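# Overview (structure and organization)
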Amino acid sequence: MVLFKLFDIIDVRMADILDILLISIILYYVFLLFRGTRAVQMIFGGLLLMLAWLLAQWWELHTLVWLLSNLATLGIIAVVILFQPEIRSALTRIGQSFSQANLQSIFFHSSGLDDVTDAITTAVQDLAKQRFGALIVLEKRVGLRNYADTGEILNAKISSRLLRALFFPNSALHDGAVIVNSKSIVAAGCILPMPTGQEKESGYGMRHRAAKALAAECDAMVIVVSEETGIISIAYRNNLRRKLSIKELEEEIKRHWKDLFEDVKKSSKDE
């Protein structure tokens with residue numbers, strides 16, 4: 001057994017340090033699981049009651065100590081009842097993480113690229129199956145604010161459901177392009193440039209021509225879903241690739257945004 005003196009006063013074992021470290025990690029990730037839910041406010045309320053109990057003990061307020069002790073006993077049952085949805089959701093998320101063998105995402109902050117890619121590819125796959133035309137611009141380092149301003153500014157979280165809704169036929173914004181950066185859906189219903197001259201005679205539809213024209217003038221990658229055939233295409237620089245599978249699209253999105261997410265991850269570590 002390894003022992004050493006802390007501040008030359010307390011005997012500390014290596015097992016004690018490991019114990020404190022593990023409890024700290026568990027408490028930290030429990031807080032992350034419940035962050036943004038009503039459980040957070042209730043946790044702070046419970047901490048205040050615990051502080052009141054300690055003060056009552058210190059001042060020897062026996063009746064208050066008895067009352068708070070009994071409330072604590074009932075509180076454990078109340079917490080399980082009140083927070084049943086949050087507890088179930090947290091346990092489900094933990095189980096999913098382990099089942100996917102993604103232990104790194106539990107102990108370290110992931111870049112988020114996988115989640116964003118999954119949201120976009122899921123939406124594109126559904127749109128292609130239903131043959132709903134779509135035009136999604138993935139902004140990189142060159143800003144596209146001038147095109148975003150031609151549509152409706154959203155600055156919304158990237159989700160497959162929202163992307164599908166934006167391109168649903170007869171919706172107010174389904175005809176234009178959706179501009180997405182690595183953090184959010186920036187705008188919808190945007191007007192993209194159209195090619196002129198020989199490029200105009202390429203035989204492509206309006207979405208494909210607009211995608212190719214925009215990709216030629218910046219570093220964005222543009223995803224196109226054909227309304228007639230459901231075929232998925234991407235435009236990047238001066239190239240237009242057609243008939244991509246969902247797996248190929250996923251690889252292209254990750255390749256396109258990999259540098260951006262790695263930069264974000266590095267900056268978060270430096271902080």
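Parameters and conventions
- Residues numbered from 1 in each chain as written.
- Predicted model: local features only at pLDDT ≥ 70, side-chain atom pairs only at ≥ 80, totals over all residues.
- Heavy atoms only, no water.
- Phe/Tyr/Trp six-rings, centres within 6.5 Å; stacked < 30°, edge-to-face > 60°.
- Helix = DSSP H or I, 4+ residues; strand = E, 2+ residues; numbered from the N terminus.
- Buried < 20%, exposed > 50% of the residue type's maximum accessible area, 1.4 Å probe, protein only.
- Polar contact = N/O pair within 3.5 Å; in protein donor to acceptor, adjacent residues only side chain to side chain.

Turning our attention to the packing of aromatic side chains. Across all of its chains, the model carries two aromatic pairs by this definition. Summarising the aromatic geometry, the rings of Phe132 and Phe168 are spaced 5.5 Å apart at their centres and angled 75° between planes, so their arrangement reads as edge-to-face. Taken together, the residues Phe132 in the loop between helix H6 (113-130) and strand S3 (134-138) and Phe168 in the loop between helix H8 (160-166) and strand S5 (177-180) connect sequence positions 36 residues apart. Taking relative accessible area as the criterion, Phe132 reaches 16% and is therefore assigned buried. Judged by its relative accessible area of 48%, Phe168 is partly exposed. Summarising the aromatic geometry, the rings of Trp257 and Phe261 are spaced 6.3 Å apart at their centres and angled 55° between planes, so their arrangement reads as tilted. Note that Trp257 and Phe261 are positioned in helix H10 (residues 246-270) at a spacing of four residues, about one turn of the helix. A single burial state applies to Trp257 and to Phe261, both of which are buried.

Looking at the element boundaries, His256 is found in helix H10. With relative accessibility at 4%, the residue His256 sits in the buried group. With 36 residues separating them in the primary sequence, His256 and Ala220 have C-alpha atoms 8.5 Å apart. A polar atom in the side chain of His256 sits 3.1 Å from the backbone oxygen of Leu138.

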